[in-house]
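Residues per chain are reported as follows:
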Amino acid sequence: VQLAVEMVNTMMSNPSNPPRAGPAPEADASVEYPEETISCPKHLVPLVIGKGGSTVRGIERDTQTKIDIRQDRDPCRVCITGTKEGVQLAVEMVNTMMSNPSNPPRAGPAPEADASVEYPEETISCPKHLVPLVIGKGG
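Residues numbered from 1 in each chain as written. Predicted model: local features only at pLDDT ≥ 70, side-chain atom pairs only at ≥ 80, totals over all residues. Heavy atoms only, no water.

(A) Quick peek at unusual backbone geometry. The step from D74 to P75 runs through a cis peptide bond, and the omega angle for that step is 10°. Relative to the helices and strands, P75 is located in the loop between β2 (65-70) and β3 (76-82). At Q64, a position not held by glycine, the phi torsion is positive, near 55°. A relative accessible area of 56% means that Q64 is categorised as exposed. (Helix = DSSP H or I, 4+ residues; strand = E, 2+ residues; numbered from the N terminus. Buried < 20%, exposed > 50% of the residue type's maximum accessible area, 1.4 Å probe, protein only.)

Here it is, written out as structure tokens:
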């Protein structure tokens with residue numbers, strides 16, 4: 001949270017040179033994350049990705065997985081990494097899309113936050129004319 005606050009404050013104080021987000025934190029090397037690779041015909045990849053990536057992002061969000069679609073050959077390789085349960089669900093969703101491309105499954109709403117966990121929160125005042133800078137292109 002503190003890093004986000006610092007970045008937003010920096011953006012507002014110097015709108016002509018906003019900070020760039022750094023690389024994602026490294027995964028915990030002591031944890032083994034299951035991965036499953038499934039084949040996807042190249043002509044169905046746009047269905048799996050969705051408009052602007054919305055479908056694949058929805059699956060990742062709903063299943064808490066990371067999906068990497070490797071399009072270097074046909075059939076393409078869809079690599080899914082995450083928890084065992086998340087990977088199983090994501091594989092099922094992608095397979096359902098491929099087997100029934102005229103009626104793909106829809107991603108549900110974002111899962112509710114765990115009420116037993118206290119999430120840090122910080123509120124920052126932002127001048128209205130700087131809001132687009134903070135949000136960025138495409139949200």
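(B) Expanded view of the pattern of salt bridges. Using the criterion set out here, one finds four salt bridges in the structure. Here E60 makes a salt bridge to K66, at a shortest N to O gap of 3.9 Å. Judged by relative accessible area, which is 17%, E60 ranks as buried. For the salt bridge of R70 with D68, the shortest nitrogen-to-oxygen distance reads 2.8 Å. On the basis of relative accessible area, D68 is assigned to the partly exposed category, the value being 34%. (Salt bridge = Lys/Arg side-chain N within 4 Å of Asp/Glu carboxyl O.)

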